[in-house]
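# Summary of the model geometry
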Amino acid sequence: MASLKPILLVEDNPNDIELTLAALEAGQLANEIVICRDGAEALDFIYRRGPHEGRAVQDPAVILLDLKLPKVDGLEVLAAVKGDPRSRGIPVVMLTSSREETDVVRSYDLGVNAFVVKPVGFEEFFAAIKELGVFWAVLNEPPPHRGSWPSNA
């Protein structure tokens with residue numbers, strides 16, 4: 001049996017991290033949740049660089065990606081992931097408070113799998129994250145990995 005793929009949460013707001021973790025836990029997911037607090041750290045995790053150099057060669061089940069991030073913003077992370085044949089099959093869900101049409105259009109142009117505006121209310125946010133986690137980590141059937149990951153990308 002293959003091991004469960006981690007869920008990569010890329011979020012810089014501590015309150016949103018805490019609430020997202022609680023919602024994913026409520027979904028009874030056994031997947032490890034990896035938290036990156038900026039876009040540069042997320043890219044290091046995805047491409048197994050720097051502090052993530054020794055991690056197992058395994059794509060995340062899904063990347064839950066905030067749009068507004070320090071160092072490297074969410075659109076830049078999305079462009080890197082979807083522009084690289086080794087990582088373009090990883091599902092990416094833009095999870096943001098932005099309702100800007102340009103953000104939505106740009107995200108889809110770059111290949112995002114879903115664009116979810118964070119609900120303002122606690123219960124709505126909790127329910128949305130729980131459903132996202134179950135769908136992408138359990139129900140979704142990803143394509144087989146076709147890229148070639150060198151030992152140090």
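The rules behind the values
- Sequence order sets the numbering: in each chain, residues are counted from 1 along the sequence as written.
- A pLDDT threshold of at least 70 governs which residues receive local features in this predicted model, and a stricter bar of 80 or more applies before side-chain atom pairs are shown or counted, although totals over entire chains, interfaces and linings include all residues.
- Hydrogens are left out, water is left out, and the side-chain values use all remaining heavy atoms of the structure.
- Helix numbering and strand numbering both begin at the N terminus, where a helix is a DSSP run of H or I of at least 4 residues and a strand a DSSP run of E of at least 2.
- We call a residue buried when its accessible area falls under 20% of the maximum for its residue type, exposed when it is over 50%, and partly exposed in between, using a 1.4 Å probe and counting protein chains only.
- Only heavy atoms matter for contacts: two residues are in contact if any of them lie within 4.5 Å across the pair.
- Two strands are counted as paired when DSSP detects at least two bridges linking them.
- Seen with its strands pointing away from the viewer, a crossover is right-handed if its path from the first strand over the helix to the second goes clockwise.
- UniProt positions are given in the numbering used here, feature names are shortened, and annotations may be inferred rather than shown by experiment.
- The directions considered for the arc are those from the helix axis to the C-beta atoms.
- N or O atoms closer than or at 3.5 Å make up a polar contact, with two conditions inside protein: a donor-capable atom paired with an acceptor-capable one, and, for residues adjacent in sequence, both atoms drawn from side chains.

You'll find the protein chain entered in an unreviewed UniProt entry as Response regulator, with Methylobacterium soli given as the organism.

### Things to note about the environment of leucine 75
For leucine 75, the position within the fold is in helix α3 (residues 74-83). What makes leucine 75 buried here is its relative accessible area of 18%. Along the primary structure leucine 75 and valine 112 are separated by 37 residues, whereas in three dimensions their C-alpha atoms are 9.4 Å apart. Excluding anything up to four places from it in sequence, leucine 75 contacts Leu67, Met94, Asp103, Arg106, Ser107 and Leu110.

### With respect to the pairing of strand β1 (residues 7-10)
Neither face of β1 is exposed, since Ile7 and Leu9 on one face and Leu8 and Val10 on the opposite face are all buried. As defined by bridge partners, β1 adjoins strand β2 (residues 33-36) across four bridges and the pair is classed as parallel. Its bridge partner being in β2, valine 10 is matched across the sheet by cysteine 36. Taken together, β1, helix α1 (residues 14-26) and β2 form a β-α-β motif whose crossover is right-handed. Across four bridges, the pairing between β1 and strand β3 (residues 62-65) is parallel. Residue pairing in the sheet places leucine 9 in a bridge with leucine 64 of β3.

### Topic: the UniProt feature "modified residue: 4-aspartylphosphate" (unreviewed entry) in the protein chain
The UniProt entry lists Asp66 under the feature "modified residue: 4-aspartylphosphate" (unreviewed entry), expressed in the numbering used here. Looking at the secondary structure, you find aspartate 66 in the loop between β3 and α3. With relative accessibility at 6%, the residue aspartate 66 sits in the buried group. Ignoring any residue separated from it by four or fewer positions in sequence, one finds aspartate 66 in contact with Val10, Glu11, Asp12, Gly74, Met94, Leu95, Thr96 and Lys118.

### Quick notes on the environment of alanine 61
The residue alanine 61 is located in the loop between α2 (39-46) and β3 in this model. Along the sequence, alanine 61 and proline 91 sit 30 residues apart, while their C-alpha atoms lie 7.1 Å from each other.

### Notes on α3
Three or more residues of α3 are buried, namely Gly74, Leu75, Val77, Leu78, Val81 and Lys82. Down the axis, α3 shows its buried residues gathered within 155° of arc, on one side only. Elements that come into contact with the buried residues of α3 comprise α2, β3, β4 (92-96) and α4 (101-109). Two or three places before leucine 75, at the start of α3, stands the capping residue aspartate 73, its side-chain oxygen 3.0 Å from that residue's backbone nitrogen.

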